[in-house]
Each structure stands twice: as structure tokens, then as C-alpha cells.
Amino acid sequence: QWILCIDCEGVGLSNFSLEYVKMFVRESAERYLERIGAIYLLNPPKAWKVVYTMMRPLLHPRTLRKLKLVATSEVPTTMRALVGEARAEALLPRSYGGRAAEF
């Protein structure tokens, strides 16, 4: 199964697109629902935690299990765990807990 990591650093009201989010959710559900094992939202704005809390009752339990909000302080640890400690240094840039060049 696939794991999606979406870095939300810098996302705010000035560059947020509800249309994009709707399209992403629709396409993911129609084409990739069974292939997506988890979605990690890295560096989400603090306001997203409030929205996520409000949306929880509306989301399917399977979706809730797949969706993970990862605070900035936890990004390096999470990414190293996903990639594997043995490969993390070589594959991940510093902002994600490794030593590779930035993307």
C-alpha cells in the first residue's frame, strides 16, 4: 500500500485552495482508496487541528485511521520511521531528519 506524505509548511489562507482539496479527496477515493495505507499531513497549520477536531465525527472510521497530522517537531522522527533508520540519512533532507540535499 501507498503512504502519502503531504508537507503543509507555508499553507495559509492566501494560498489555500478548497477546490484542490475537494479534487484530491475525490480522486483519492475514486481511484486509490484501497491503495492508500496512510496519509501524513506534515507541518499542518495550528488552525487545522481545530478543523480536524470538528470534522472527525463526519469522517469514516477507516479514513480517520489513515489520516495523521504530524506537528513540525515530530516530522523528523516520523519520516525516519517511515523510511527506515538505515536509509534515512541518505534519502531524507535535513528538514525531514536526514542529511541529503533538500528536494
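All values reported here derive from a predicted model rather than from experimental measurement. (Residues numbered from 1 in each chain as written. Predicted model: local features only at pLDDT ≥ 70, side-chain atom pairs only at ≥ 80, totals over all residues. Heavy atoms only, no water.)

What follows covers the pattern of salt bridges. On inspection of all chains with the given rule, the structure shows three salt bridges. Measuring nitrogen to oxygen at the nearest pair gives 2.7 Å for the salt bridge that ties Glu85 to Arg80. Its relative accessible area of 15% is what places Arg80 among the buried residues. With a shortest N-O distance of 2.9 Å, Glu89 and Arg80 are connected by a salt bridge. Exposure remark for Glu89: the relative accessible area of 31% places this residue in the partly exposed category. One network of salt bridges, in which partners are shared, links Arg80, Glu85, Glu89 and Arg99. (Salt bridge = Lys/Arg side-chain N within 4 Å of Asp/Glu carboxyl O. Buried < 20%, exposed > 50% of the residue type's maximum accessible area, 1.4 Å probe, protein only.)

Here we take up the confidence of the model for the chain. Any segment with low pLDDT has predicted coordinates that should not be analysed in fine detail. Residues with a pLDDT of 70 or more make up 100% of the chain, whose mean pLDDT is 89. The secondary structure element of the chain with the lowest average pLDDT is helix H1 (residues 18–31), at 81, and the one with the highest is helix H4 (residues 75–83), at 97. (pLDDT = per-residue confidence, 0-100. Helix = DSSP H or I, 4+ residues; strand = E, 2+ residues; numbered from the N terminus.)

Glancing now at the nonpolar core. Within the largest apolar cluster, 10 residues are counted, these being Ala38, Tyr40, Leu42, Val70, Val75, Met79, Val83, Ala88, Leu92 and Tyr96. Taken together, the elements giving at least two residues each to this core come down to strand E2 (36–42) and H4. Residue contacts for Met79: discarding those within four places in its chain leaves Cys5, Leu42, Leu92 and Tyr96. (Core = buried A, V, L, I, M, F, W, Y, C linked by side-chain atoms within 4.5 Å. Contact = heavy atoms within 4.5 Å.)

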